[in-house]
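Here are the chains, one letter per residue:
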Amino acid sequence: MQKTFFYRLLFLLFTIAAAAQTPKKPTTSEIYHSLQKLNFVGSALYIAAHPDDENTRLISYLVNDVHANTAYLSITRGDGGQNLVGPELRELLGVIRTQELLAARRTDGAQQFFTRANDFGYSKNPNETFEFWNREDVLSDVVKTIRKFKPDIIIDRFDHRSPGSTHGHHTASAMLSVEAFDLAGNASKFPKSAEEYGVWKPQRLFFNTSWWFYGSKEKFDNADKSRLVSVETGSYFPELGLSNGEIASLSRSMHKSQGFGSTGSRGTETEYLELLEGTKPSENNLFEGINTNWSRLEGGNTIGTILNPLEDNFNFKNPSEMLPQLLKAYPLVSNLKDEHWRNIKLEQLQQLILDCGGIFIEAASEENSVNPNQNFKVNIEAINRGKSDVVLKSVKNSEGKILWSESEALSFNDDKKIVITVNSAKQNPPYSSPYWLNEKGTLGMYVAPEELIGLPETPPLEKLVFELQFENTTIPFTKNIIYKFNDPVKGEVYRPLEVLPEVTASIPEKVLIFASNASEVVSVVVRAGKDSISGTVSLQHPEGWKVEPTQQLFQLTRNGETQTFNFTVTPPNGQSEGYLKPMVNAEGQIFNKELVSIDYEHIPYQSVLLPSEAKVAKIDIQKKGQNIGYINGAGDAIPESLKQIGYSVTTIEASNISEKNLQNFDAIVVGIRAYNTVLELAFAQPILNKYVENGGTMIVQYNTNRSLVTEKLAPYSLKLSRNRVTDEFSEVKILAPENPILNTPNKITQKDFEGWVQERGLYFPDEWAKEFTPILGMHDKGESETKGSLLVAKYGKGYYIYTGLSFFRELPAGVPGAYRLFANMLSIGK
């Protein structure tokens, strides 16, 4: 029961501060801003499908102008998107985009929630979306979030009435929101969350529309706006020194993996909201008729008479003047009967007490990671930089065990430092890794413990409670234990303290292609998660494959130390696929996880535990040519995949392209979205065309049809479109059966299009010169056939190939047919 209460409290208080590693040290103006938020008793929930779908202008307006308790519910974590900052895709990209959303919320001040839905890739309509998402489970998650967060108003980013006009996930998110708006108030629907959090009926439901949804500004200007409410969101906040548009752009610019850097705006800006449910409010007041004052709560009037005057009388030179009034309000807020608002306002009030009092408290581990049930040292720092009398009474762990209790006064500006020992008791989940990746889900759904559903990340597992006494009032302050160190360049660097396994293992090559019956050496890297650990490592393998030796001994002395072991793997005679899985036996346990680190400047350091495995595939594959030149685009793993089947791959910088530099390559491959991201290609195109004309083979992978650095990306006329085939199981029709690209050196058949992942391809050309030969036809259900997925043209002595097929997904996934087809593309004309 105590544990259930903890997770309920966790959801209510899991604000953006939980993810921020560097402690926030607010200015006087920011303290005033926090006071305004404390005195507003109302909530708004924004709902859309993906990270970066949210309207940060409106979210920032709700937080910083209205001062509402505001959150964004993203149905997915954006796992199916692209990555412009690194090589991570799928689940690891979802971790990055989750953290980018949290960084965005730290910027605009809102909170962040999710459902269990997995972004499986682009879909064209909600029906297709719900073939992958378990509609009932995702709806349950949306209802649960509404019941927990208890928003007065809900705002949808997308229109639930226009299926097929946008990404299927977009429409599906709005459909789920509309349905959940009514179901959240019905105790018979999803009774588990109704029993735990009570039912809830929001007052209004809006659709955040704009001229874009009408097709043009002219159509929007002429449209019936009787159901629309307009709000002015171009406010300037002098206490923050920023306009709302500037805050919104800073927030949106956190979506760096998607290339969504945004320039701040100043001046008048209007947002339009269509009323879907509830009574229509007046202009510029979405909360009209909803009591958002302290009087909303039983016992709140007295609190309001204490806290409301503090705004009018705020002393920007000395905010500590209001500390006595904050302390006077504290026991009254603690005794509010409304548990939901009590928890929210207690957290806000406690932070204000620390900020106004000039009090800094911190718990920093001497180690960056610990194991379950391990004792470790923690450095406690507490300093009172204000004029009030403050006593540090005790320090406890999250279970209430007293770790220090000497009741020492915190003298003015005297930095109090204590070292204590903490035990990392076993918890559920046991490790700090993203909770939604702990169990294998489906293509469309993640698996998560009931108590964690909705949370943006795994809660920090190690916390301490500081008991501070202000005269006769004792207040507990919970702080996450962090890890920090000094970097010679960056200075003080904060990271989360992580609870990780005693040992992990990984196979560096995630896909191993065997193009013959010859044995290959496979390396397994064992990493120590603690000092002094030993055991054995073996390699689990598919039936018919052989691995030697069966196991090997390891002994590691230092935490973080690694040791590499080589196993000889022999494939079976016929074509075969499966997985190699390292199994580590140590300290009476079997460890089968791989530790992946994600380290980017704009998000906190992440340690991700994934099932340790590598796909192995014995493929009947032939190839011609050997030396491949690769021009990188937005980032993919094609070069590594080509090396797997024996090619020598050299990266070519676009700025260094010359006829001399290209002459020794059998083929040139251009990475995904290169013509969207590499400006130098506009100037290098004539050289590349000459390379083809002289007998070379050039393969260009997909580009979007907007923001091309040049329209002349081929020696002949070629026009890109938004055509795509999202169903990876869709039938593929062979249009040119005699073309060498389908016949040599590998005979391509329907079987080669089995086992593809996420999609067939995207941004296919829809117009091309007569010199091009379309090779394949395909389409999604209910649509006409597209023929632009693979185009081949003879140019001079060589061949130019344009393909929108998703080789950047298929090759890293070890899809045999994709390898065979790509080998034919590289071999053409040889």
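In this report, the structure presented in the accompanying data block is examined. Keep in mind the model is a prediction, meaning the values are calculated, not measured.

### Here we look at the overall build of the chain
Right, so step 1: In terms of helices and strands, the chain carries 20 helices and 44 strands.
Right, so step 2: Here the C-alpha atoms of the chain give a radius of gyration of 29 Å, agreeing with the 28 Å that 2.2 N^0.38 yields for 830 residues.
Right, so step 3: The principal-axis extent of the C-alpha atoms belonging to the chain is close to 90 × 75 × 55 Å.
Right, so step 4: Looking at the chain as a whole, 57% of its 830 residues are labelled buried.
Right, so step 5: Taking contacts inside the chain between residues at least 6 apart in sequence as the whole, the part at least 24 apart equals 74%.
Right, so step 6: Entry remark: accessible area of the chain is about 34,100 Å², with carbon and sulfur atoms responsible for 46%.

### With respect to unusual backbone geometry
Right, so step 1: The peptide bond linking Glu548 to Pro549 adopts the cis configuration, its omega dihedral lying at -5°.
Right, so step 2: A cis amide bond links Thr744 with the next residue in sequence, Pro745, at an omega value of 0°.
Right, so step 3: Structurally, Pro745 is set in the loop between β39 (732-734) and β40 (761-768).
Right, so step 4: Unusually for a residue other than glycine, Lys150 sits at a positive phi of about 55°.
Right, so step 5: Mapped onto the elements of the fold, Lys150 is located in the loop between α6 (135-149) and β4 (153-156).
Right, so step 6: Within the chain, Arg673 stands out as a residue other than glycine whose phi angle is a positive 55°.
Right, so step 7: Of note, Arg673 is situated in the loop between β36 (667-670) and α17 (674-677).

### Considerations on the nonpolar core
Right, so step 1: In terms of nonpolar packing, the biggest core is built from 83 residues, with Ile353 and Leu464 touching the most fellow members.
Right, so step 2: Sort the elements by how many residues they give to this core and helix α14 (residues 339-357) lands first, with eight residues.

### Digging into the pairing of strand β44 (residues 798-803)
Right, so step 1: Of all six residues making up β44, six are buried, and the element is well covered by its neighbours.
Right, so step 2: The two faces of β44 match: Gly798, Tyr800 and Tyr802 on one face and Tyr799, Ile801 and Thr803 on the other face are all buried.
Right, so step 3: The pairing of strand β37 (residues 697-700) with β44 spans four bridges and is classified as parallel. Following the sheet pairing, Val700 is matched in β44 by Tyr802.
Right, so step 4: Across six bridges, the pairing between strand β43 (residues 790-795) and β44 is antiparallel. What sits directly across from Leu790, in β44, is Thr803.

### Some points on the packing of aromatic side chains
Right, so step 1: Within this structure, the stated rule accounts for 24 aromatic pairs.
Right, so step 2: Between Phe220 and Tyr272, the aromatic rings sit 5.0 Å apart at their centres with planes inclined by 70°, giving edge-to-face as the arrangement. Of this pair, Phe220 sits in helix α10 (residues 217-221) while Tyr272 sits in strand β9 (residues 270-277), placing them 52 residues apart in sequence.
Right, so step 3: Judged by relative accessible area, Tyr272 falls into the partly exposed class, the value being 25%.
Right, so step 4: Among the aromatic residues, ring-to-ring pairing joins Phe158, Phe207, Trp212 and Phe213 into one connected group.
Right, so step 5: Here the guanidinium or amino end of Arg77 rests over the ring plane of Phe114, the centre of that ring lying 4.2 Å away.
Right, so step 6: Over the aromatic face of Tyr799 sits the side chain of Lys794, whose NZ or CZ is 5.1 Å from the ring centroid.

### With respect to the pattern of salt bridges
Right, so step 1: In total, this model carries 34 salt bridges according to the counting rule given.
Right, so step 2: A salt bridge links Lys484 to Glu362; the nearest nitrogen and oxygen atoms lie 2.7 Å apart. Here Lys484 is found in strand β19 (residues 482-487), whereas its partner Glu362 is found in strand β10 (residues 359-365), with 122 residues between them in sequence.
Right, so step 3: By relative accessible area, Glu362 is classed as buried at 6%.
Right, so step 4: A salt bridge links Lys396 to Glu467, with the nearest nitrogen and oxygen atoms 3.4 Å apart. Highlighted residues: Lys396 in strand β13 (residues 391-397) and Glu467 in strand β17 (residues 463-470), separated in sequence by 71 residues.

### Here's the deal with helix α18 (residues 681-693)
Right, so step 1: Compared with an ideal rise of 1.5 Å per residue, which puts 13 residues at 18 Å, α18 spans 17 Å between its outermost C-alpha atoms and is within 8% of the ideal.
Right, so step 2: When α18 is considered as a whole, its buried residues turn out to be Leu681, Ala684, Gln685, Leu688, Asn689, Tyr691 and Val692.

### Observations regarding α14
Right, so step 1: The end-to-end C-alpha distance of α14, which contains 19 residues, comes to 26 Å, matching closely the 27 Å that a straight helix rising 1.5 Å per residue would cover.
Right, so step 2: Within α14, 15 of the 19 residues are buried, leaving the element largely enclosed by the surrounding structure.

### With respect to the sheet that holds strand β41 (residues 772-774)
Right, so step 1: Pairing within the open sheet is mixed, and its seven strands lie in the order β35-β34-β36-β37-β44-β43-β41. In the strand order of this sheet, the two ends are held by β35 (648-651) and β41, each with one partner. Taking the axes of each pair of neighbouring strands and ignoring which way they run, one obtains an average angle of 20° across the sheet.
Right, so step 2: Inspection of the sheet shows strand β34 (residues 627-631) paired to β35 by four bridges, in the parallel sense. Bridged to Asn627 within β35 is Ser648.

### Let's talk about the sheet that holds strand β16 (residues 416-423)
Right, so step 1: With respect to topology, five strands assemble into an open sheet ordered β16-β12-β10-β19-β20, the strand pairing being mixed. Where the open sheet ends on each side, the last strands, each with one partner, are β16 and β20 (491-496). Neighbour to neighbour, the strand axes of the sheet diverge by 40° on average, direction disregarded.
Right, so step 2: Sheet topology places β10 next to β19; two bridges connect them, and they run parallel. For Ser365, the partnering residue across the bridge sits in β19 and is Tyr483.

### Structural notes on the packing of helix α13 (residues 323-334) against α14
Right, so step 1: Interaxial distance between α13 and α14 falls to 10 Å at its minimum, and their mutual angle equals 160°. The angle between the axes of α13 and α14 places the two elements in the roughly antiparallel class. Judged by the twist between their axes, the crossing of α13 over α14 is left-handed. Contacts from Leu323, Leu326, Leu327, Ala329, Tyr330, Val333 and Ser334 of α13 reach α14 at Arg342, Lys345, Leu346, Leu349, Gln350, Leu352, Ile353, Cys356 and Gly357.
Right, so step 2: Of the residues belonging to the contact of α13 with α14, the class tally is eleven nonpolar, three polar and two charged.

### A closer look at the environment of Ser369
Right, so step 1: In this fold, Ser369 is placed in strand β11 (residues 369-370).
Right, so step 2: Once the C-alpha coordinates of Ser369 and Val499 are considered, the two residues, 130 residues apart in sequence, prove to be 5.6 Å apart.
Right, so step 3: In this structure, Ser369 is in contact with Leu497, Glu498, Leu500 and Asn559, ignoring residues within four places of it in sequence.

### What to know about empty space enclosed by the protein
Right, so step 1: The final tally for this structure, using the stated rule, is three cavities of 30 Å³ or more.
Right, so step 2: Computed from the structure, the largest cavity encloses a volume of approximately 50 Å³.
Right, so step 3: Contributing to the lining of the largest cavity are Arg77, Phe114, Thr115, Arg116, Tyr435, Trp436, Tyr446, Ala448, Ile453 and Gly454.
Right, so step 4: Grouping the amino acids of the lining of the largest cavity by side-chain chemistry returns six nonpolar, two polar and two charged.

Scoring rules and cut-offs
- Residues numbered from 1 in each chain as written.
- Predicted model: local features only at pLDDT ≥ 70, side-chain atom pairs only at ≥ 80, totals over all residues.
- Heavy atoms only, no water.
- Helix = DSSP H or I, 4+ residues; strand = E, 2+ residues; numbered from the N terminus.
- Rg over C-alpha atoms; globule rule 2.2 N^0.38 Å.
- Buried < 20%, exposed > 50% of the residue type's maximum accessible area, 1.4 Å probe, protein only.
- Contact = heavy atoms within 4.5 Å.
- Areas by Shrake-Rupley, 256 points an atom, 1.4 Å probe, with all protein chains shown as cover.
- Core = buried A, V, L, I, M, F, W, Y, C linked by side-chain atoms within 4.5 Å.
- Pairing = 2+ DSSP bridges.
- Phe/Tyr/Trp six-rings, centres within 6.5 Å; stacked < 30°, edge-to-face > 60°.
- Lys NZ or Arg CZ within 6 Å of the ring centre and 35° of its normal.
- Salt bridge = Lys/Arg side-chain N within 4 Å of Asp/Glu carboxyl O.
- Expected span 1.5 Å × (residues − 1).
- Axes fitted to C-alpha atoms, helices over the stretch in contact; angles between N-to-C directions.
- Parallel < 35°, antiparallel > 145°, perpendicular 65-115°, else oblique.
- Left-handed = near helix turned anticlockwise from the far one by under 90°.
- Nonpolar A, V, L, I, M, F, W, Y, C, P; charged D, E, K, R; others polar.
- 1 Å grid on protein atoms, 1.4 Å probe; cavity = no way out; pocket = protein on both sides within 12 Å on 5 of 7 lines; lining within 4 Å.
- Points joined across faces, edges and corners; volume = space filled by probe spheres on them.

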